[in-house]
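Results of the structural survey
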Amino acid sequence: MSGFDQENLFGELHAQVARSAPKTPDQLVEGLTAPQRASVEHRGGPLLIVAGAGSGKTRVLTRRIAHLLATGDAAPHEILAITFTNKAANEMVERLVDLVGERARRMWVMTFHKAFFRMLQSEADRLGYRSRLTLYDDTDSRRLIQEILRERDIDPKKVTPKGVSGKISLAKATLQSPAEFAEGNGSYQGPFHQIAAEVYAEYERRLFAASAVDFDDLLLKPVELFRRHEDVRLAYADRFRHVLVDEFQDTNRAQNELVFQLTRDHRQVCVVGDSDQSIYRFRAADIRNILDFESTFPDAEVVVLEQNFRSTQRILDAANAVISNNAGRVVKNLFTEVGQGNPITVYGAMDERDEAAWVAAEVVRLSREQSLGFDDIAIFYRTNAQSRVLEEEFNRAGIPHRLVGATRFYDRREIRDLLAYVRLLVNPDDEMSARRIVNVPKRGIGATSVTRLGAFAAANGITFAAALGRAGEAGLTAKAAKASGELFTLLTALRQELLMKRPSELLSEVFHRSGIEAELQAEQSVDAASRLENLGELINSVAQLETDGGIESIEEFLESAALTSAQDDLNDDAPKVSLMTLHVAKGLEYQAVFVTGLEEGIFPHFSTRDDEEQLEEERRLAYVGITRARQHLALTHAERRFRFGGEQGSGFSNSLPSRFLREIPEDLTVRLGTSGMPRPSRWGDDPIFERPVDDGSRTFGRPIARRTPAPTSGAEQLGLAAGDVVIHARWGEGTVLSTSGSGEMAAAKVRFGEVGEKNLLLSVAPLRRA
DNA sequence: GGTCGACCGCTTTTT
DNA sequence: GCGGTCGACC
């Protein structure tokens, strides 16, 4: 498996030894560079480790923790080590197990969200919550906001739930209460802000009533808790005498505050980060947290790790060249002793299919010629939408692969439905979940009934779930009332089982008795079959976790369901090529990396066009992508790219290669495909590179095994030109405004009387001359 | 009053 | 290709 940094030459061997005999402090600093060693051995005050990409920061962190234990300066339960992703946390735990043995698994080495959810859960009563907390994920909270907007008759076209939820999320991340948010900070307050402020306040009331918290609350509420209850703060500060934070450049204000509250007394805080890898500004990450760390803790010791142990010199040179275009950064000087390495390949594709096919062919070539495993290879892209074509092409080529982090397993509808039942059983106040399952499976309780039930519950001060039992009084029709009563009985019965059954058994009970299973079985479609399969998989995997000791209670299961991202795949064995967004790629490394879609508009993304700061963040993202590669790096772009589903009503764009490509010195690269062709203006005087000959083993520059051409509508052969009048099977007569492309890619912009202007791909459009 | 199918509009990145 | 909305039909 390709993993994180250096470590693993003797990793396995050491692991064997470590399990029997823990390492001595001296052994723990063996083989470290001077600054790495200093980071591990530092004691007695704040420590800032500025760790360039690939400089071994995970290694330093884990060694430091092991060293603290080995010297007796800390006990396992006194350490809090925080990461951003589950993946990073798991990796850190595994490495710690190698160093200090199995006790590492019981240590608090986890994500921010998980750690503070735990604290919050155990102290919930101090903030006035009545029952166990339910965690709402983005979808849940979005839905709640939507509901509030609907109740207030706010036009969802003008004020989108997404927009409001973004505002609220930002407010929470910057520690603004609804009142503070409403007042704003003196800047212009538009009507949108007003509405958002009102919704925020109502949203908070609803969450509280449901004993629910959202993602942002996992950070905001503990801050509140610590501020309001000094005794609680002191208790945790006292317990966690050593706090270590990874990826500190991506902390937001709430996270920064939490770290400060926990450590300001004992000051034993160690943060690791690299401002060049800050890529979560959109999520309110504040790069100032790391830049200002030294003024927050004036006595902080600063160590800079500049030696890179991962990539070849060429790859580092490319990364350095790109990132040096960002203004006002602290200049670091990454170097390596690995050697020059291979040139970086830049491939210009005709379109996204060609791009994907080239990548697939290269993957095959690399695995053959360089004897790389599929799991040594990763493909990155800027947006999830780009993954589909890659997947299709990989399927065609028979390359084993997996999408990392695309749709979370727990985000699938059927899974959410089943989980909603369980959440409702655990927390009867959870109105969102109650509303969700009230008509799943279909039992004849529609929107009108739901509204009535909701109104009845509110009027009588009971929960929505309780209202189900009094549906007659709520004014439901006889049929709906009967269904409602049955559901109520079912829920009551299931609640009896809550304490007696193991999580997997409970899930299975719900699956059978709710009727979800029967409904899906009755459907007889491929879709239903796959949903059934997913549910079965869920139940199995939970049972598995129970045997492994990973899950004890149903609450624990719900927590992990909400906090687990799709990155932590359920079952995984065979080596596979990993496909993921650049954001997901942070913290990982691979022998060979492909960064795709390097086009203006895609990467950097359109939305960052007018904002220099956002553009710099895109550049950091490029930096992150490039520095993931150890040996092989390929960068691709496409001349044109279909967007959306790629049919009528959408269109394709012709794209310039990304500025990031232009920022990489020519002499580090080999340029192929359209990149190798002479190009006027923008590219300057690119040398012309030959297209390699097709000798069977190399398939540069041309896709292999092109898909069999789909039968076309033939319209691309009509030779249409601007001004021609055509007839479309659906939209009738129209006038051609312009044409573009040729062959398979030929397209025309046509104005129709009724539907207006459409961009049509001629090979598929049902079009003929008038 | 409920269900289902047609259509529209949108798509940045995530714990 | 998706979710969400709306209108037609049961």
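First, a word on scope: everything that follows refers to the structure included in this document. (Residues numbered from 1 in each chain as written. Chains lettered and ligands numbered in written order. Predicted model: local features only at pLDDT ≥ 70, side-chain atom pairs only at ≥ 80, totals over all residues. Heavy atoms only, no water.)

**A short note on the overall build of chain A**
Helix and strand counts for chain A stand at 31 helices and 24 strands. The 770 residues of chain A split such that 54% are buried. Looking at chain A alone, contacts between residues at least 24 apart form 74% of all its contacts between residues at least 6 apart. Here chain A displays about 33400 Å² of accessible surface, and carbon together with sulfur accounts for 50% of that area. (Helix = DSSP H or I, 4+ residues; strand = E, 2+ residues; numbered from the N terminus. Buried < 20%, exposed > 50% of the residue type's maximum accessible area, 1.4 Å probe, protein only. Contact = heavy atoms within 4.5 Å. Areas by Shrake-Rupley, 256 points an atom, 1.4 Å probe, with all protein chains shown as cover.)

**A short note on the nonpolar core**
Leu 80, Phe 116, Met 119 and Phe 226 are the most contacted members of the largest nonpolar core, which totals 64 residues. Setting aside chain neighbours within four positions, we find Met 119 in contact with Leu 80, Trp 108, Phe 226, Tyr 236, Phe 240 and Leu 262. Counting 51 residues, the second-largest nonpolar core is a separate cluster that includes Leu 487, Leu 506, Val 510 and Ile 554. (Core = buried A, V, L, I, M, F, W, Y, C linked by side-chain atoms within 4.5 Å.)

**A closer look at the side chain of Glu 617**
Along the chain, Glu 617 turns up in helix 30 (residues 612-626). Residue Glu 617 is classed as buried on the basis of its relative accessible area, which comes to 8%. A distance of 3.5 Å separates a polar side-chain atom of Glu 617 from the backbone nitrogen of Tyr 280. With near-sequence residues (within four places) excluded, Glu 617 lies in contact with Ser 278, Ile 279, Tyr 280, Arg 281 and Phe 282. (Polar contact = N/O pair within 3.5 Å; in protein donor to acceptor, adjacent residues only side chain to side chain.)

**Focus on the environment of Thr 627**
As for its position among the elements, Thr 627 is in the loop between helix 30 and strand 16 (629-638). Classification of Thr 627 as buried rests on a relative accessible area of 0%. Sequence separation between Thr 627 and Glu 391 is 236 residues; the distance between their C-alpha atoms is 24 Å. Every residue in contact with Thr 627, bar those within four places of it in the chain, is listed here: Ala 53, Arg 310, Ser 311 and Ala 319. Engagement of the side chain of Thr 627 in a polar contact is seen with the backbone oxygen of Tyr 623, the distance being 2.8 Å.

**Here's the deal with the packing of aromatic side chains**
Counting across every chain of the model gives 14 aromatic pairs. Between Tyr 129 and Phe 208, the aromatic rings sit 5.0 Å apart at their centres with planes inclined by 45°, giving tilted as the arrangement. Of the two residues, Tyr 129 sits in the loop between helix 6 (112-123) and strand 4 (134-136) while Phe 208 sits in helix 10 (residues 191-209), which places them 79 residues apart along the sequence. Tyr 129 gets classed as buried once you look at its relative accessible area, which sits at 8%. For Phe 208, a relative accessible area of 40% corresponds to the partly exposed category. On the numbers, 5.9 Å between centres and 80° between planes, the contact of Phe 248 with Phe 293 is edge-to-face. Note that Phe 248 is positioned in the loop between strand 6 (242-245) and helix 13 (253-263) and Phe 293 in helix 15 (residues 293-296), a separation of 45 residues in sequence. (Phe/Tyr/Trp six-rings, centres within 6.5 Å; stacked < 30°, edge-to-face > 60°.)

**Examining helix 12 (residues 230-239)**
It helps to recall that an α-helix has 3.6 residues per turn; residues three or four apart then point in one direction. Of all the positions in helix 12, only Val 232, Arg 233, Tyr 236 and Ala 237 are classed as buried. On an axial view of helix 12, the arc spanned by its buried residues comes to 130°, and they lie on one face. Summarising the contacts, the buried residues of helix 12 are in contact with helix 6, helix 11 (217-228) and helix 13. (Arc of directions from axis to C-beta.)

**Remarks on helix 26 (residues 516-523)**
Listed as buried for helix 26 are Ile 516, Glu 517 and Leu 520. For helix 26, the buried positions fall inside an angular range of 95° around the axis, keeping them on one side. On the buried face of helix 26, the contacting elements are helix 19 (413-426), helix 25 (503-513) and helix 27 (526-548). Downstream of helix 26 by one or two residues, Gln 524 has phi in the positive range, about 60°.

**Focus: the sheet that holds strand 19 (residues 669-673)**
Overall, parallel pairing links the 7 strands, which are arranged 13-14-12-15-16-11-19 in an open sheet. One side of each edge strand has no neighbouring strand; the edge strands of this open sheet are strand 13 (401-403) and strand 19. This sheet shows a mean twist of 20° between the axes of neighbouring strands, independent of strand direction. In the sheet, strand 12 (residues 377-381) pairs with strand 15 (residues 590-595) via 4 bridges, with the strands oriented parallel. (Pairing = 2+ DSSP bridges. Axes fitted to C-alpha atoms, helices over the stretch in contact; angles between N-to-C directions.)

**Some points on the pattern of salt bridges**
Summed over all chains, the structure comprises 65 salt bridges. With a closest N to O distance of 2.9 Å, Arg 365 and Glu 369 form a salt bridge. Pair noted here: Arg 365 and Glu 369 are both in helix 17 (residues 352-369), with a separation of 4 residues, about one helical turn. Judged by its relative accessible area of 8%, Arg 365 falls in the buried class. With a relative accessible area of 39%, Glu 369 lands in the partly exposed category. The shortest N-O distance in the salt bridge between Arg 435 and Glu 431 comes to 2.8 Å. Residue Arg 435 and its partner Glu 431 are both found in helix 20 (residues 431-437); the two are separated by 4 residues, about one turn of the helix. On the basis of relative accessible area, Glu 431 is assigned to the partly exposed category, the value being 31%. What emerges from the salt-bridge pattern is a single network uniting Glu 147, Glu 151, Arg 152, Glu 198, Glu 202, Arg 205, Arg 206, Glu 431 and Arg 435. (Salt bridge = Lys/Arg side-chain N within 4 Å of Asp/Glu carboxyl O.)

**Some points on the packing of helix 8 (residues 161-173) against helix 10**
Where helix 8 contacts helix 10, the axes come no closer than 9 Å and their chain directions differ by 70°. Classed by the angle they form, the pair helix 8 and helix 10 counts as roughly perpendicular. For the pair helix 8 and helix 10, contact is made by Gly 163, Val 164, Lys 167, Ile 168, Ala 171 and Lys 172 and by Phe 192, His 193, Ala 196, Val 199, Tyr 200, Tyr 203, Glu 204 and Leu 207, respectively. By residue class, the composition of the contact of helix 8 with helix 10 is 9 nonpolar, 2 polar and 3 charged. (Parallel < 35°, antiparallel > 145°, perpendicular 65-115°, else oblique. Nonpolar A, V, L, I, M, F, W, Y, C, P; charged D, E, K, R; others polar.)

**Brief notes about unusual backbone geometry**
Across the chain, the bulk of peptide bonds are trans and the bulk of non-glycine residues have phi less than zero. The omega torsion of the bond from Val 440 to Pro 441 falls at -5°, within 30 degrees of zero and hence cis. Tracing the sequence through the fold places Pro 441 in the loop between helix 20 and helix 21 (447-460). In this chain, Phe 603 is followed by Pro 604 through a cis amide linkage whose omega measures 10°. Position of Pro 604 relative to the elements: it lies in the loop between strand 15 and helix 30. Here the phi dihedral of Leu 175 falls at roughly 65°; this positive angle occurs in a residue that is not glycine.

**Points about the side chain of Gln 386**
Among the secondary structure elements, Gln 386 is positioned in the loop between strand 12 and helix 18 (387-397). On the accessibility criterion, Gln 386 (10% relative accessible area) is buried. Within the structure, the side chain of Gln 386 is placed 3.3 Å from the backbone nitrogen of Arg 382, a separation counted as a polar contact. Setting aside residues no more than four positions away along its own chain, Gln 386 makes contact with Tyr 381, Thr 596, Gly 597, Ile 602 and Arg 641.

**Comments concerning the sheet that holds strand 7 (residues 269-273)**
Strand order in the open sheet made by the 6 strands is 3-2-6-7-1-8, with parallel pairing throughout. Here the strands that pair on one side only, and so sit at the sheet edges, are strand 3 (108-111) and strand 8 (301-305). Strand-to-strand twist across the sheet, computed as the mean angle between neighbouring axes with direction ignored, equals 15°. Here 4 bridges tie strand 2 (residues 79-83) to strand 3, and the two strands are oriented parallel to one another.

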